[in-house]
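A look at the structure
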Amino acid sequence: MASVKLPSAPGPIGVFDSGYGGLTILKELRNTLPEYDYLYLGDNARAPYGTRSFEIIYQYTREAVSYLFLHGCHLIILACNTASAKALRNIQQKDLPLLDSSRRVLGVIRPTAECVGNISKTRHIGILATTGTINSNSYNLEINKLYPDIHVEGHACPMWATLVENFELENEGTNYFVRKDINILMSKDKNIDTIILGCTHYPLLLPLIRKHTPQGVNIVPQGQYIASSLKNYLLRHPEMAEKCTKNGSCNYLTTENSLIFDRSACRFMEHSVLSQHIELTEYNTICDY
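So, a few notes on the structure that sits alongside this text. Throughout, residues of each chain are indexed from 1 in the direction in which the sequence is written. Local features are withheld for residues below a pLDDT of 70 in this predicted model, meaning they are given only at 70 or higher, and side-chain atom pairs are given and counted only at 80 or more; totals for whole chains, interfaces and linings count all residues. As a rule here, side-chain values come from all non-hydrogen atoms in the structure, and water together with hydrogens is ignored.

This part takes up the sheet that holds strand β9 (residues 250-254). Paired strands are those between which DSSP finds at least two bridges. A helix here means a DSSP run of H or I that spans at least four residues, while a strand means a run of E at least two residues long, and both kinds are numbered starting from the N terminus. Judged by pairing direction, the sheet is parallel, and its six strands sit side by side in the order β4-β3-β1-β2-β9-β10 without closing on themselves. One side of each edge strand has no neighbouring strand; the edge strands of this open sheet are β4 (104-106) and β10 (275-277). Sheet twist, expressed as the average angle between the axes of neighbouring strands with direction ignored, equals 20°. Relative to β4, strand β3 (residues 75-78) runs parallel, the two being bridged by three bridges. Note that in β4 the partner of I77 across the bridge is L106. Here a residue-residue contact requires only that any non-hydrogen atoms of the pair lie within 4.5 Å. What counts as an axis is a line fitted to C-alpha atoms, over the stretch in contact for a helix, and the angles between N-to-C directions run from 0 to 180 degrees. Where helix α4 (residues 88-99) meets the sheet, its contacts fall on β3 and β4, and the angle it forms with β4 comes to roughly 170°. Packed on one face of the sheet, helix α11 (residues 223-236) meets β1 (13-17), β3 and β4 and runs near 160° to β3.

A few words now on the nonpolar core. Grouping buried Ala, Val, Leu, Ile, Met, Phe, Trp, Tyr and Cys residues that are joined through side-chain atoms within 4.5 Å yields what is termed a nonpolar core. Summary of the burial criterion: residues with accessible area below 20% of their type's maximum are buried, those above 50% are exposed, and those between are partly exposed, where the area comes from a 1.4 Å probe applied to protein chains only. With 53 residues, the main nonpolar core has L23 and L234 as its most contacted residues. The element best represented in this core is α11, accounting for five residues. With near-sequence residues (within four places) excluded, L234 lies in contact with I13, L33, Y36, L75, M240 and A241. L6, V65, F69 and L88 belong to the second-largest nonpolar core, a separate cluster that totals 28 residues.

Glancing now at the environment of D193. Among the structural elements, D193 can be located in the loop between α9 (172-188) and β7 (194-197). Residue D193 is classed as buried on the basis of its relative accessible area, which comes to 9%. For the pair D193 and H237, spaced 44 residues apart in sequence, the C-alpha separation works out to 34 Å.

This part takes up the packing of helix α5 (residues 109-116) against helix α7 (residues 138-146). In the contact formed by α5 and α7, the axes pass within 9 Å of each other and the chain directions differ by 50°. What the angle tells us is that α5 and α7 run oblique. Judged by the twist between their axes, the crossing of α5 over α7 is right-handed. Note on element contacts: α7 touches α5 through S138, Y139, E142, I143 and L146, opposite I109, R110, T112, A113, E114 and V116. Here the term charged refers only to Asp, Glu, Lys and Arg, the term nonpolar to Ala, Val, Leu, Ile, Met, Phe, Trp, Tyr, Cys and Pro, and the term polar to all other amino acids, Gly among them. Within the contact of α5 with α7, the residues separate by chemical class into six nonpolar, two polar and three charged. Geometric relationships in this document are graded by angle, where less than 35 degrees denotes roughly parallel, more than 145 denotes roughly antiparallel, 65 to 115 denotes roughly perpendicular, and other angles denote oblique. Two helices that cross are described as forming a left-handed crossing if the nearer one is turned anticlockwise from the farther one by less than a right angle, and a right-handed crossing if clockwise.

It is worth spelling out the pattern of salt bridges at this point. Any two side chains of opposite charge can pair if their charged atoms end up close together. By salt bridge we mean one thing: a side-chain nitrogen of Lys or Arg within 4 Å of a carboxyl oxygen of Asp or Glu. Within this structure, the stated rule accounts for ten salt bridges. In this structure, K27 engages E270 in a salt bridge whose closest nitrogen and oxygen atoms are separated by 2.8 Å. Taken together, the residues K27 in helix α1 (residues 22-32) and E270 in the loop between α13 (258-269) and β10 connect sequence positions 243 residues apart. For E63, the salt bridge identified is with R46, shortest N-O distance 2.8 Å. Taken together, the residues E63 in helix α2 (residues 54-70) and R46 in the loop between β2 (38-42) and α2 connect sequence positions 17 residues apart. The pair E63 / R46 is uniform in exposure class, with both members buried. Taken together, the salt bridges that share partners define one network made up of R110, E114, E142 and K145.

Here it is, written out as structure tokens:
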């Protein structure tokens, strides 16, 4: 597909996630920047990404990016920590220069890392995330680039995203896993005063997370920080803002059955959702030159 010409006309801002978690980012983006158009793509049929290999996550993410580019997006937000950790750098450094150097793909890890320097007083930060994100050390690297004095301790929560995807938000099993994982993280470093929720699914577990987190420890969901960062980015890059249409619309795509997606997505967005089912595998060669 290297010969395929990408649309040059302005288009929506693309938002990609492996499943439903990115809807927590989309919701904050729409609250902060309601004038823009958005095209959300959830790879729900292949979720979760958290335990998959680097190669598979890169392949799946590149397929999604290719689809969104071919359908009018000039700017894409990877609203998925695992994709941001394992695929973003390759896409930015290897694929975009060959495909179209004027297009942009942004992740969620850097904006989250930027905010914690003003939040933590003890300079000890905890990360709760998927196995893939923790094993990548992406948060440790990004935070220490910005704040070398901050100590970062991470803990993988392999069950959390699955529990959220299945909307098991309040049962005893979910309560057990949330309590256990937070206790493990805090036992690694009792000086932690800030915990980053390094997976966009986790905000739906906030009531339980707050219940089991020691008093005085800050919880950092990502949505508001990602939205603020994008607003600042568009102000600093008016040439990119001009390539993003502004009609206040939002459309949804999913690799899952659209009726299943719509029922679940409306719980994240708190309004009705009508999605379109798509296939992604045919878009895996757009960057193969």
